[in-house]
Amino acid sequence: MAAAPGKVLPTSKVYSTAELLGNRSRFKVGETIEIRITAKDKLNVTKTYGGDYFRVKLFTATSRSSTAFDVTNDLGNGTYLASVTLRWPGVTGIYVTLVHCSEAIRVLERIRPKDRVVLAGRFTKQVNGTNIVEDRPCVPHVLTDGSACNFTDRRTGYPWFCRHPTNLSLSCDDWHFYGPNASSTLDILPMVTEEEKALVLMHKVSIKGSPITIDVQNDTEDWFDDMTRFQRTLPPCLPGQHLKNTAPSGFFHHDVWYSHQCEIQRFDKEGALSCISNKRIYIYGDSTVRQLYSYLSSQYKPTLIGTGKRPDRTARVAGPMTAIDSTHNITIHFNFHFAPARPSSFLRLDALDYVVNRIDDLEADENTVVVIGVGTHFTTFSLELYEERIRGIKDAVERLHARSPQTLVVLKSANTREHKNVLHLLCNSEWYIKTIDQKMRQVFSDYPKVSLIDAWDMTVAQNFRSIVHPKPPVVFNLLNYLMSFICPKNKK
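Just so it is clear, the structure is predicted and the values come from calculations on it, not from any experiment.

Q: I'd love a proper account of the packing of helix α5 (residues 287-299) against helix α12 (residues 472-486), names of residues and values included.
A: Packing of α5 against α12 brings their axes to within 10 Å, and their N-to-C directions diverge by 95°. Considered as vectors, α5 and α12 are oriented roughly perpendicular to each other. The residues of α12 that touch α5, namely those facing Q291, L292, Y295 and L296, are P472, V475, F476, L478, L479, L482 and M483. Taken together, the residues that form the contact of α5 with α12 break down as 10 nonpolar, 1 polar and no charged.

Rendered as structure tokens:
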């Protein structure tokens, strides 16, 4: 049975197959295996084109060992090849997941340039004892039709326009809060047909033949000692290693992350506080990088504590947040990034600024550490907008290094997340997140003076359900990665 002329049938999870090449089921640590994925449609016909988004994960339950990676070797004819080196012993399952079929990706590509989320400016003013409030839609580009307030940032030139208040008592000068436009995301649904919604909802599904079970053995009795010795041969964690990034860049063993690129150290509380003694750490970005601040300020009490009770939601979400350890002379700051961040409630405008401006205003020296994590909130906007912002951040980092060459700058890559329904997928698909993460790496690919925490590889491999704010064990590994850049192991 063939498809009707001109009819494109999507990739089927039922008929698409994953197979291990080589006709073996027993391997040794250090061997490389190859997996062939064949994409077929619902009529069990092999597809003649590529573009599907597959992911491979290896998992051993007894040791909670895992690694994962997105498949990139697309032969363009419905066949995909994936290879991975076996890093630990044990009975291991190879899980092949269809993250999105190529037909769903075409839907996501088509709607990406559109304003899938319109944010809001809240204009407020006291008139004769009465508080007048009006919310108006705002967008990160020029509005030419109708009356608009131009809030383009004078320093960066980033455009930000809000519709003028309709209440005659309010003017553009009365914009004081920034937040969500409650109805805007509902406008996305009419952009896609019911058939297209079904394509997008076929998300992160296992395909036929998955999992494949293999038995991995080690040449010696004590694999962990061997692995530990190997880790000690790796270079210290230093800037520029992201230029040689390979996927997967590491693996979990008993929920501890081991990098293939550098020796990540394991810091207890005393070791961590010693590492960051006399340091000023500035964390800029979204709530996924705020987790590093929150972990430090909550887990290292009473030595390192946040200063003062945060009085309102703006202070609790966007900051400024500061934690101080006077004994070790440590200060840690967090500031949320500005538009087009998508907060779930309104935030005071006076607490927000662009990361570029924060970096340009920073007085830095060799004891200053800057951590940047920006990406999650850009999935509802064009990739060109994100590229503009991340290039602006790169330029600001270059200016920072020109005046303070010894300042450590660490980028945190994007991470995976949960998805609630089709609307949430249309706004926050991992395909969007992945392309944003790839763009960030591309922009910084010629700049060896920054370090990279590979949260993407960690979270695709994690042994917990994907959520936008990963579980504490994952955050602890991210923090060890950061600390290993701040205090790289002396190999002399």
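Q: Give a description of the sheet that holds strand β21 (residues 330-336) that names residues and reports values.
A: Reading across from one edge, β19-β20-β21-β18-β23-β24-β25 is the order of the 7 strands in this open sheet, with mixed pairing throughout. On the outer flanks of this sheet lie β19 (305-306) and β25 (450-453), each paired with one strand and no other. Both strand β20 (residues 321-325) and β21 contribute to a ladder of 5 bridges, which runs antiparallel. What sits directly across from D325, in β21, is I330.

Q: Could you give me a rundown of the nonpolar core, with the residues and numbers involved?
A: Judged by nonpolar contacts, the single largest core of 143 residues is most densely connected at I33, I332 and I372. In terms of residues, this core owes the most to one element, α12, which gives 8 residues. Among all residues touching I332, those that are not within four sequence positions of it are I276, I281, I283, Y293, L296, L304, M321, T322 and A323.

Q: Go over empty space enclosed by the protein with me, naming the residues and quoting the values.
A: A water-sized probe rolled over the atoms picks out the places where empty space is left. Tallied over the full model, the rule gives 4 cavities of 30 Å³ or more. Estimates place the volume of the largest cavity at around 120 Å³. Along its surface, the largest cavity is lined by 16 residues, and G373, V374, Y386, K412 and A414 are the ones closest to its centre. At the level of secondary structure, the elements contributing two or more residues to the lining of the largest cavity comprise β23 (368-373), α8 (383-403), β24 (408-412) and α10 (430-443). With 3 residues, α10 is the single largest residue contributor to the lining of the largest cavity. Size it by volume and the second largest cavity reaches roughly 90 Å³. Around the second largest cavity sit Y158, H337, F338, A339, Y354, V355, V356, V374, F378, R389 and I393, which together line it. Only α7 (355-360) and α8 provide two or more residues apiece to the lining of the second largest cavity. Along the lines of polarity and charge, the residues of the lining of the second largest cavity split into 9 nonpolar, 1 polar and 1 charged.

Criteria and cut-off values
Residues numbered from 1 in each chain as written. Predicted model: local features only at pLDDT ≥ 70, side-chain atom pairs only at ≥ 80, totals over all residues. Heavy atoms only, no water. Axes fitted to C-alpha atoms, helices over the stretch in contact; angles between N-to-C directions. Helix = DSSP H or I, 4+ residues; strand = E, 2+ residues; numbered from the N terminus. Parallel < 35°, antiparallel > 145°, perpendicular 65-115°, else oblique. Contact = heavy atoms within 4.5 Å. Nonpolar A, V, L, I, M, F, W, Y, C, P; charged D, E, K, R; others polar. Pairing = 2+ DSSP bridges. Core = buried A, V, L, I, M, F, W, Y, C linked by side-chain atoms within 4.5 Å. Buried < 20%, exposed > 50% of the residue type's maximum accessible area, 1.4 Å probe, protein only. 1 Å grid on protein atoms, 1.4 Å probe; cavity = no way out; pocket = protein on both sides within 12 Å on 5 of 7 lines; lining within 4 Å. Points joined across faces, edges and corners; volume = space filled by probe spheres on them.

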